[in-house]
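Structural overview for review
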Amino acid sequence: MPVNRFSWLLSHLHLNDNSAVYNPNRIVATYESMIKFKGCHSSKQYMPKKPIKRGYKVWALADNYPLMSYLKSNGIYACGTVNMTRKHLPQLKDNKSLKQGEYDWNTDQFSISIIKWKDKRSVSLLSNFHDPTDTDIVPTRAKDGTLTMIPCPKVLKDYNENMNCVDKLNQNKKSCQIDRKSQKWWHRIFFHFIDIAVEKSAHQSKISTRRRCAKCSTREKEVRTEWMCAVCNVPLCITKNRNCFADHHK
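Going by what an unreviewed UniProt entry lists, the protein chain is known as PiggyBac transposable element-derived protein domain-containing protein and is assigned to Macrosiphum euphorbiae.

Looking at the overall build of the protein chain
Check the secondary structure of the protein chain and you find five helices and eleven strands. Counting across all 250 residues of the protein chain, residues that qualify as buried make up 28%. For the protein chain, the accessible surface area stands at approximately 17700 Å², while carbon and sulfur atoms represent 52% of it.

Points about the pattern of salt bridges
Following the criterion strictly, the structure yields three salt bridges and no others. Put simply, Lys154 and Asp158 hold a salt bridge, and the shortest N to O gap is 2.9 Å. With Lys154 and Asp158 both in helix H3 (residues 154-174) and four residues apart, the pair spans about one turn of that helix. Among the ionic pairs, Glu222 bridges to Arg224, the shortest N-O distance being 2.9 Å. The exposure class assigned to Arg224 is partly exposed, which follows from its relative accessible area of 40%.

Examining the packing of aromatic side chains
Think of a pair of aromatic rings as described by two things: how far the centres are apart, and how the planes are tilted against each other in angle. Considering all chains together, one arrives at three aromatic pairs under this definition. Plain terms: the ring middles of Phe37 and Tyr56 are 4.9 Å apart, the flat faces sit at 20° to each other, and that makes the pair stacked. Placement of the pair is Phe37 in the loop between strand E1 (33-36) and strand E2 (45-46) and Tyr56 in strand E3 (residues 54-58), with a sequence separation of 19 residues. Residue Phe37 shares its accessibility class with Tyr56, and that shared class is buried. Consider the rings of Phe190 and Phe191, whose centres lie 6.0 Å apart with planes at 50°: the pair is tilted. The exposure class assigned to Phe190 is buried, which follows from its relative accessible area of 19%.

Some remarks on the sheet that holds strand E4 (residues 79-81)
In spatial order, the strands read E4-E7-E6-E5; together these four strands make up an open sheet with antiparallel pairing. Since the sheet does not close on itself, it has two edges, and those belong to E4 and strand E5 (103-107), each with one partner. Strand-to-strand twist of the sheet, defined as the mean angle between neighbouring strand axes without regard to direction, takes the value 15°. Summarising the sheet, E4 and strand E7 (residues 122-127) pair through three bridges and their orientation is antiparallel. Directly across from Cys79, in E7, lies its bridge partner Ser127.

Regarding a positive patch on the surface
There is a patch of like positive charges on the surface, built from Lys38, Lys53, Arg54 and Lys181. Relative to the assigned elements, Arg54 resides in strand E3. Arg54 sits in the partly exposed class, given a relative accessible area of 44%.

Overview of the pairing of strand E6 (residues 113-118)
Counting buried positions over the six residues of E6 gives six, a clear majority of the element. Here E6 shows two buried faces, one formed by Ser113, Ile115 and Trp117 and the other by Ile114, Lys116 and Lys118. Pairing of E5 with E6, which is carried by five bridges, proceeds in the antiparallel orientation. Looking at the pairing, Asp104 lines up with Lys116 of E6. Connecting E5 to the antiparallel partner E6 that follows it, the hairpin turn spans five residues, and Ser111 within it adopts a positive phi of roughly 65°. Two successive antiparallel strands, E6 and E7, enclose a turn made up of three residues.

Calculation notes
Residues numbered from 1 in each chain as written. Predicted model: local features only at pLDDT ≥ 70, side-chain atom pairs only at ≥ 80, totals over all residues. Heavy atoms only, no water. Helix = DSSP H or I, 4+ residues; strand = E, 2+ residues; numbered from the N terminus. Buried < 20%, exposed > 50% of the residue type's maximum accessible area, 1.4 Å probe, protein only. Areas by Shrake-Rupley, 256 points an atom, 1.4 Å probe, with all protein chains shown as cover. Salt bridge = Lys/Arg side-chain N within 4 Å of Asp/Glu carboxyl O. Phe/Tyr/Trp six-rings, centres within 6.5 Å; stacked < 30°, edge-to-face > 60°. Pairing = 2+ DSSP bridges. Axes fitted to C-alpha atoms, helices over the stretch in contact; angles between N-to-C directions. Patch = residues over 30% accessible without salt bridge, like charges linked within 9 Å, V, L, I, M, F, W, Y side chains within 5 Å. Lys, Arg positive; Asp, Glu negative; His and termini not counted. Charge placed at Lys NZ, Arg CZ, Asp CG, Glu CD.

Next up, the structure:
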């Protein structure tokens, strides 16, 4: 595409679609993701501990007590890490009082629980549906490389099993992101969501051996494709004039 054509399309972008409704799955992981931006805007934030220190922070954070209570009153169960300096939190044992594998917890009258567990370091979590007395066994590695099984609260294990996907998404996105400069502040956010779409689509389809398309191939007219759905493991066409991949998943 010529540069002038691309610049014209970019200058005529307009994003406003109130008809789209997001229907979440049963388990949803929420975490922060930074969009790099060094210009001047009131929404820009500075996060000194993040790889991208300046930019827009896209996230939905459930790490404060009033929000947990509100979510539970609306039938939404949530858990997540919490900073112990937040307001409305009870006092738990300090880090020096806890040994490896030990934890302390507290609950309120609405069954909102806060749990502090220590491995090599301490981690604190809030949950509006876990029983703080439920525990599991997890491995931990010592300095000499040996593995030891220690008790762990069930809430932490559930949290770790569902939160790694966000970190993997940010890692994969960085290898193929657009990272294009722009004088319009919202272009950076738009490019971010294009990067997300590209990264997600790459994990939906994969190249395999040429097989008959499950959607359009017939006995009379055999159609073979090298594309396959990574989730369904079904061969499907993706060509300029035909998109059996999209038709199959409607």
